[in-house]
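# Structure assessment
Each chain, written out:
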Amino acid sequence: MNIFRLFGDLAHLASIFILIQKIQTTRSCRGISFKTQALYALVFVTRYIDLLFRWVSVYNFAMKVFFISSSCYILYLMKYRFRPTHDPSIDTFKVEYLLGPSLVLSLIFNYAFEPTEILWTFSIYLESVAIFPQLFMLQRTGEAETITTHYLAALGLYRALYLPNWIYRYFTEDVVDPIAVTAGLVQTGLYLDFFYVYFTKVLHGQKFELPA
């Protein structure tokens, strides 16, 4: 564990707390993509299947349980408790375009052709593009609530902080993970336009609106 990964994990935790707080405080799922949240739940379940047979540490165990349980809780809030506030007519990105390629890539490019390894690799590829439905919604509506942008910013910061983490590990541990690094770069790249608007407008007290 190094400081970059620690702060990355904290940013990830913050993004989830912000999202749950937004839903419960406003009693609304408006502006949140159910499809993106479902994809993240699938990411966590497939990545952390090793909870059933491998022990690493208390921290590792707690984080894995939290990510799985919190993602399922968010789906519950969106699907049942505040379902009337979710508008599926604007959450229309076809997730098949993300699931299919992620599965194919995990079968071709992996470190070992074993079920748990393929599931882990699948989760890495899928996480890199799971934000697509949410960004697609932003593109369609052209705007977002401030609290929603804070959630997305924390989520993007989490992935961005993993980049110096990989660099640090390369120089201190001589460890390189091409799959995670490549997927991380793709995921971080997807946030560039969002971060530009976030830093130039939201952090200056203006409403988040995408350029026409």
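Residues numbered from 1 in each chain as written. Predicted model: local features only at pLDDT ≥ 70, side-chain atom pairs only at ≥ 80, totals over all residues. Heavy atoms only, no water.

What counts here: UniProt positions are given in the numbering used here, feature names are shortened, and annotations may be inferred rather than shown by experiment.
The chain carries the name ER lumen protein retaining receptor-domain-containing protein in an unreviewed UniProt entry, which gives Suillus fuscotomentosus as its organism. Its UniProt record gives the chain a comment under Subcellular location (unreviewed entry), which states: "Endoplasmic reticulum membrane". Here the chain is described in UniProt, under the heading Sequence similarities (unreviewed entry), as follows: "Belongs to the ERD2 family."

### A word on the pattern of salt bridges
Counted only if it meets this: In what follows, salt bridge is the name for a side-chain nitrogen of Lys or Arg lying within 4 Å of a carboxyl oxygen of Asp or Glu. Secondary structure counts use DSSP, requiring at least four H or I residues in a row for a helix and at least two E residues in a row for a strand, with both numbered from the N terminus. We call a residue buried when its accessible area falls under 20% of the maximum for its residue type, exposed when it is over 50%, and partly exposed in between, using a 1.4 Å probe and counting protein chains only.
Scanning all chains against the criterion turns up eight salt bridges. For Arg5, the salt bridge is made with Asp9, and the minimal N-O distance between the two is 4.0 Å. Taken together, the residues Arg5 and Asp9, both in helix H1 (residues 3-26) and four residues apart, mark about one turn of the helix. Residue Asp9 is classed as buried on the basis of its relative accessible area of 6%. For Asp50, the salt bridge identified is with Arg54, shortest N-O distance 3.0 Å. Relative accessible area serves as the criterion here: at 9%, Asp50 is assigned to the buried category. Residues participating in the shared-partner salt-bridge network are Lys22, Arg30 and Glu145.

### Observations regarding the UniProt feature "transmembrane region" (unreviewed entry) in the chain
In the numbering used here, UniProt assigns the feature "transmembrane region" (unreviewed entry) to residues 52-76, 119-138, 150-167 and 179-199. Helix makes up 95% of residues 179-199 and strand 0%, whereas the separation of the span's terminal C-alpha atoms amounts to 29 Å.

### So, the side chain of Asn110
Quick reminder of the rule: Any pair of nitrogen or oxygen atoms within 3.5 Å is treated as a polar contact; in protein, a donor-acceptor pairing is required on top of that, and neighbouring residues in sequence qualify only through side-chain atoms on both sides. Contacts between residues were defined by any pair of non-hydrogen atoms, one from each residue, lying within 4.5 Å.
Within the secondary structure layout, Asn110 lies in the loop between helix H4 (96-108) and helix H5 (115-129). Looking at Asn110, its side chain comes within polar contact range of the main-chain oxygen of Ser106, at 2.8 Å. Only 3.2 Å separates the side chain of Asn110 from the backbone oxygen of Leu107, close enough to count as a polar contact. Those residues in contact with Asn110, other than ones at most four positions away along the chain, are Ile118, Thr121 and Ile179.

### What to know about the packing of aromatic side chains
Our working rule: Aromatic pairs are defined between Phe, Tyr and Trp rings, using the six-membered ring for Trp, whenever the two ring centres lie within 6.5 Å; interplanar angles under 30 degrees are classed as stacked, those over 60 as edge-to-face, and all others as tilted.
For the structure shown, the criterion picks out 22 aromatic pairs. Plain terms: the ring middles of Phe93 and Phe136 are 5.6 Å apart, the flat faces sit at 70 degrees to each other, and that makes the pair edge-to-face. Within this pair, whereas Phe93 is found in the loop between helix H3 (58-81) and H4, its partner Phe136 is found in helix H6 (residues 132-141), the two being separated by 43 residues in sequence. Looking at Phe93, the relative accessible area reads 16%, which means it is buried. Ring plane angle 75 degrees and centroid distance 6.1 Å describe the contact between Tyr162 and Trp166, whose orientation is recorded as edge-to-face. With a gap of four residues between them, Tyr162 and Trp166 both fall in helix H7 (residues 146-173), about one helical turn apart. The class of Tyr162 is buried, set by a relative accessible area of 12%. By relative accessible area, which is 13% here, Trp166 ends up buried. In textbook terms, an aromatic cluster arises when at least three aromatic residues are bridged by ring pairs, as seen for Phe17, Tyr40, Phe44, Tyr48, Phe66 and Phe67.

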